[in-house]
2 protein chains.
Amino acid sequence: MRDIFTAELTALGEDLVAMSRLVETAISSAGTALLTKDLALAEGVIADDHTIDAMERDLDERCVQLIAQQQPVARDLRIIIAGLRMSASLERMGDLARHVAELARLRYPAAALPAEVEPTFTAMHHAAVDVARKVTTVIENLDLDLAAEIESDDDTLDDLLAQTFTLTTSGSAAMTAQAVVDVTLLARYFERFGDHGVSVASRVVYLVTGEVEEHHAH
Amino acid sequence: MRDIFTAELTALGEDLVAMSRLVETAISSAGTALLTKDLALAEGVIADDHTIDAMERDLDERCVQLIAQQQPVARDLRIIIAGLRMSASLERMGDLARHVAELARLRYPAAALPAEVEPTFTAMHHAAVDVARKVTTVIENLDLDLAAEIESDDDTLDDLLAQTFTLTTSGSAAMTAQAVVDVTLLARYFERFGDHGVSVASRVVYLVTGEVEEHHAH
């Protein structure tokens, strides 16, 4: 019985890793689609998001079944509950990647981003992909050092969000109101993506160390 | 044993209702603070958000304890898991109300909203407060008709969000880039508030009817 349970827990962990890899691909492609005006890539992200959604539903259902059948207590129970929450965060990260792709598609063949914010968004894209990659590794290897790095990547995303606000409000005549709206939304999507990455990593840290770190939600 | 468990479940429901009432107050006050430039009211919302956060942590911990101690199965287990998720959504609704209050405070003594979007935000505020009030009643009375109304209020919020985009990009000379950024963020906060309200209501509907409705996440 215990072996079956351990096998089930391992399978849950593997599914979270697989889900996290899909999120990685989604944010990587969405950012590239945005920065290079690649319509096909944007449409791919949008079409693939349902796979991440389906994985969340499947994973959640299995967590509930596992609790009902195995009646875990203490640490085992906390792992499963953490799994439920991690899958919710990963699903939301997939949504945010899809939102980036949707806005890129909406403005195509024009660029959603004015030229003056491209370097900022290149950096945001880079930081968000870093977050996603590290989240996968943190779940897979319970690497606590990497969890700390995710927080630092998230700080970078916060700084870059502030930078986009400065750029949009600096009175540059080149930026239309439409561009200001788009830039604001896109920067917020990337920044929220980072927040959810931190949230996933924090749950892993908590499971390993038993320590809760408080994060100020954005 | 069963009686204790039922009492515990009732207590969880009561706590969710209490949490939802705090969210109601938060969004009501945040919107008023925004629309009337009431600094004290904004600061109150910001200061009170930690109470909602603490309730979420407490409620979550009790849900986990309840599962560990009572080992519920089937419907009881689903109720507790749904409780965990509802508390997460309510906590997020509190955050979004706080974000509205923070932006009102940041711009004080100036208004965060230009005059031309005030009617739209008055309507958004109204719809968001409606969502929050109905969410409380849905949790308290398992009122499915009201759950359907929340979806309609959320549609209103979606329409109003689209309306703010039209207003900000219509080329009105009166709106600065800063105002466009603020309006975009604020409209998005209200719209996400509605999404989370729908999510809470859907979980109640699912518990009562066993039917999952799919919602497209924004």
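Residues numbered from 1 in each chain as written. Chains lettered and ligands numbered in written order. Predicted model: local features only at pLDDT ≥ 70, side-chain atom pairs only at ≥ 80, totals over all residues. Heavy atoms only, no water.

A. Quick peek at the overall build of chain A. Secondary structure summary: chain A contains 6 helices and 0 strands in total. For chain A, the N- to C-terminal ordering of α and β elements is α-α-α-α-α-α. In terms of overall size, chain A behaves like a compact globule, its C-alpha atoms giving a radius of gyration of 19 Å where 218 residues would be expected to give roughly 17 Å. In terms of overall dimensions, chain A has a C-alpha envelope of 65 × 35 × 20 Å along the principal axes. For chain A, buried positions account for 51% of its 218 residues. Contacts spanning at least 24 positions in sequence make up 84% of the contacts within chain A whose residues lie at least 6 apart. By element, 53% of the accessible surface of chain A is carried by carbon and sulfur atoms, the whole surface being about 9000 Å². Mean positive and mean negative side-chain charge positions of chain A (17 and 37 charges, respectively) differ by 4 Å. (Helix = DSSP H or I, 4+ residues; strand = E, 2+ residues; numbered from the N terminus. Rg over C-alpha atoms; globule rule 2.2 N^0.38 Å. Buried < 20%, exposed > 50% of the residue type's maximum accessible area, 1.4 Å probe, protein only. Contact = heavy atoms within 4.5 Å. Areas by Shrake-Rupley, 256 points an atom, 1.4 Å probe, with all protein chains shown as cover. Lys, Arg positive; Asp, Glu negative; His and termini not counted. Charge placed at Lys NZ, Arg CZ, Asp CG, Glu CD.)

B. Expanded view of the environment of aspartate 53 of chain A. All names here are of chain A. Within the fold, aspartate 53 resides in helix H2 (residues 39–70). On the basis of relative accessibility, which here comes to 18%, the residue aspartate 53 falls in the buried class. Taking the C-alpha atoms as reference, aspartate 53 lies 8.7 Å from aspartate 95; in sequence the two are 42 residues apart. In contact with aspartate 53, not counting residues within four places along its chain, are Glu91 and Asp95.

C. Structural context of the pattern of salt bridges. One pass over the full model with this rule turns up 28 salt bridges over all chains. Two residues, aspartate 60 of chain A and arginine 85 of chain B, come together in a salt bridge whose shortest N-O distance is 2.6 Å. Here the residue aspartate 60 of chain A occupies a position in helix H2, and arginine 85 of chain B occupies one in helix H3 (residues 74–107), the pair thus bridging two chains. One continuous salt-bridge network, built from bridges that share partners, spans Asp49, Arg92, Asp95, Arg98 and Glu102 of chain A. (Salt bridge = Lys/Arg side-chain N within 4 Å of Asp/Glu carboxyl O.)

D. Highlighting the packing of helix H4 (residues 118–141) of chain A against helix H6 (residues 177–209) of chain A. All names here are of chain A. Between H4 and H6, the shortest axis-to-axis distance is 10 Å and the interhelical angle comes to 20°. Classified by the angle their axes make, H4 and H6 are roughly parallel. In the crossing of H4 with H6, the sense of the turn from one axis to the other is left-handed. Along its contact with H4, which presents Phe121, Met124, His125, Ala128, Val131, Ala132, Val135, Val138 and Ile139, the element H6 presents Val183, Leu186, Ala187, Phe190, Glu191, Phe193, Gly194, Gly197, Val200, Ala201 and Val204. Here the contact of H4 with H6 is built from residues that sort into 16 nonpolar, 3 polar and 1 charged. (Axes fitted to C-alpha atoms, helices over the stretch in contact; angles between N-to-C directions. Parallel < 35°, antiparallel > 145°, perpendicular 65-115°, else oblique. Left-handed = near helix turned anticlockwise from the far one by under 90°. Nonpolar A, V, L, I, M, F, W, Y, C, P; charged D, E, K, R; others polar.)

E. Local environment of the nonpolar core. Counting 143 residues, the largest nonpolar core has Phe121 of chain A together with Phe121 of chain B as its most contacted members. Setting aside residues up to four positions removed in sequence, phenylalanine 121 of chain A forms contacts with Leu34, Leu35, Leu113, Thr164, Val183, Leu186, Ala187 and Phe190 of chain A. (Core = buried A, V, L, I, M, F, W, Y, C linked by side-chain atoms within 4.5 Å.)

F. Fine view of the interface of chain B and chain A. With 36 residues of chain B at the interface, the matching set in chain A holds 36 residues. Summed over both partners, the interface of chain B with chain A comes to about 3000 Å²; 60% of that surface belongs to carbon and sulfur atoms. Joining chain B to chain A, the criterion identifies 4 salt bridges. Here chain B is connected to chain A by 5 residue pairs in polar contact (both at pLDDT 80 or more). Looking at the side of chain B that touches chain A, the elements that each hand over two or more residues are helix H2 (39–70), H3, helix H5 (144–168) and helix H6 (177–209) of chain B. If one sorts the elements of the side of chain B that touches chain A by residue count, H3 of chain B sits on top with 10 residues. Of the residues belonging to the side of chain B that touches chain A, the class tally is 15 nonpolar, 9 polar and 12 charged. (Buried area = accessible area lost by both parts, 1.4 Å probe. Polar contact = N/O pair within 3.5 Å; in protein donor to acceptor, adjacent residues only side chain to side chain.)

G. The packing of aromatic side chains, seen in detail. Residue and element names in this part refer to chain B. Enumeration according to the criterion identifies 2 aromatic pairs over all chains in this entry. Where phenylalanine 121 meets phenylalanine 190, the ring centres are 6.1 Å apart and the plane angle is 65°; that geometry is what we call edge-to-face. Linking phenylalanine 121 in helix H4 (residues 118–141) with phenylalanine 190 in helix H6, this pair joins segments that are 69 residues apart in sequence. Each member of the pair, phenylalanine 121 together with phenylalanine 190, is buried. (Phe/Tyr/Trp six-rings, centres within 6.5 Å; stacked < 30°, edge-to-face > 60°.)

H. A look at the UniProt feature "domain: PhoU" (unreviewed entry) in chain A. As annotated in UniProt, the feature "domain: PhoU" (unreviewed entry) corresponds to residues 18–103 and 123–204 of chain A in the numbering used here. Span residues 18–103 of chain A is 94% helix and 0% strand, its end C-alpha atoms 26 Å apart. (UniProt positions renumbered as here; feature names shortened; annotations may be inferred.)

I. The relation of the copies chain B and chain A, seen in detail. Rotating chain B by 180° and translating it 0.0 Å along the rotation axis places it on chain A, where the RMSD comes to 0.0 Å. Here the two chains are linked by the operation of a two-fold rotation axis. Relative to the rotation axis, the closest C-alpha in chain B is found at glutamine 71 of chain B, a distance of 2.8 Å. With an isologous cut-off of 70% or more, the 100% of interface residues of chain B that recur at the interface of chain A puts this contact in the isologous class. (Least-squares fit on C-alpha atoms with pLDDT ≥ 70 in both.)

J. Examining helix H3 (residues 74–107) of chain A more closely. End to end, H3 of chain A covers 50 Å across 34 residues, agreeing with the expected 50 Å (1.5 Å per residue, within 8%). Of all the 34 residues making up H3 of chain A, 24 are buried; the element is thus mostly covered by neighbouring parts of the structure. (Expected span 1.5 Å × (residues − 1).)

K. Here's a closer look at the environment of methionine 55 of chain A. Residue and element names in this part refer to chain A. Considering the arrangement of structural elements, one finds methionine 55 in helix H2. Through-space distance from the C-alpha of methionine 55 to that of alanine 18 is 9.1 Å; in sequence the pair is 37 residues apart. If we ignore the near neighbours within four places in the chain, the residues touching methionine 55 are Asp15, Ala18, Met19 and Leu22.

L. Summary view of H4 of chain B. Between its first and last C-alpha, H4 of chain B extends 34 Å over 24 residues, near the 34 Å set by a 1.5 Å rise per residue. Directly beyond the C-terminal end of H4 of chain B, a positive phi value near 50° is found at leucine 142 of chain B.

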